[in-house]
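Next come the chains, spelled out residue by residue.
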Amino acid sequence: MKRILSILLSLMLMAMFYVYAVLQQDEEAQPDMRWLVQEEKKPLKIIGEVKSQDAQVLADAFGANIPVPDKVLEGLCFDASYKGQNVHRLNIIGENITIQGVTPHFAAPLIRSEGLKFTEDSSALLGFPLLKADRPNNNEYYIVTQDAAFLFKLTGEDTTPLQTLKMISPKQ
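Numbering of residues begins from 1 in every chain and follows the order in which that chain's sequence is written. The model is predicted, so local features are restricted to residues of pLDDT at least 70 and side-chain atom pairs to those at 80 or more, both for listing and for counting; the totals for chains, interfaces and linings are taken over all residues. The side-chain quantities take in all heavy atoms of the structure and omit both hydrogens and water.

The subject of this paragraph is a nonpolar patch on the surface. On the surface, a nonpolar cluster with roughly 780 Å² of combined accessible area is contributed by M1, I4, L5, I7, L8, L11 and M14. Only DSSP runs of H or I reaching four residues or more are called helices, and only runs of E reaching two or more are called strands; each is numbered from the N terminus. Turning to its location among the elements, I4 is positioned in helix α1 (residues 2–23). Here the term buried applies to any residue with accessible area under 20% of the maximum for its type, exposed to any over 50%, and partly exposed to those in between, with areas from a 1.4 Å probe on protein chains only. In this structure I4 comes out as exposed when scored by relative accessible area, which is 51%. Patches were defined on residues exceeding 30% relative accessible area and lacking a salt bridge, with like-charge contacts within 9 Å and nonpolar side-chain contacts (Val, Leu, Ile, Met, Phe, Trp, Tyr) within 5 Å. Calculation of accessible area relied on Shrake-Rupley with a 1.4 Å probe; when residues are assessed, cover is drawn exclusively from the protein chains displayed. By convention in these notes, a salt bridge is any Lys or Arg side-chain nitrogen within 4 Å of a carboxyl oxygen on Asp or Glu.

Below is the structure:
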């Protein structure tokens, strides 16, 4: 009986010490998360509509790195809005490939087709995980970069156009 009482007394003493320690904890000593250094987000410039076959002109208008095919047949970059925020949209037509892009990447639903589900492909594209549309006879692929999201539509079964893409950076 004495043994049980001594165990209960020691548990109660430990619990009281724990409650005292928690109540005495200094809230000011906690790290202040307001001062974490974060990259400054630059607001997107209003660009209107930019049409070009020059990949560098399109990258400069888009404001982020863009994947482009060897030959751009037609390119268009324009302003759009998503959930009250300004975004830039990109459409590039190349040989056997169409690229749609949006920056910032939170607006990715603007370029994804309705009802499509994407599954992870075993490969990467330009260092980013490649997702493939999970639908028969559909050659749509999707990547998300640091600044943008891109959808690639291939004509036919050949995935060679994906392998020939190169990344173009905007001039600052």
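Now that the structure is up, let's keep going.
In this section: the environment of G48. For G48, the location among the structural elements is in the loop between α1 and β1 (49–51). For G48 and C77, which are 29 residues apart along the polypeptide, the C-alpha to C-alpha distance reads 8.2 Å.

Our next topic: the pairing of strand β3 (residues 72–82). Paired strands, in this sense, are two strands between which DSSP finds at least two bridges. For β1 and β3, the ladder comprises 3 bridges, and the chain directions are antiparallel. Paired with V50 across the strands is C77, a residue of β3. Where β3 meets strand β4 (residues 85–94), 10 bridges bridge the pair, whose relative direction is antiparallel. Within β4, the residue paired with A80 across the bridge is V87. Here β3 folds back onto β4, and the loop between the two strands holds 2 residues, one of which, K83, carries a positive phi near 50°.

Three or more residues of helix α2 (residues 55–62) are buried, namely A55, L58, A59, A61 and F62. Looking straight down α2, one finds its buried side chains confined to an arc of 165°; they lie on one side. Between N or O atoms, a polar contact is any pair within 3.5 Å; within protein, one atom must be a potential hydrogen donor and the other a potential acceptor, and residues adjacent in sequence are included only when both atoms are from side chains. You can read the cap of α2 off the contacts: a side-chain oxygen lies 3.1 Å from the backbone nitrogen of Q56, and it is on D54. Phi turns positive one or two residues past the end of α2, at G63, with a value near 85°. Arc, as used here, means the arc of the directions from the helix axis to the C-beta atoms.

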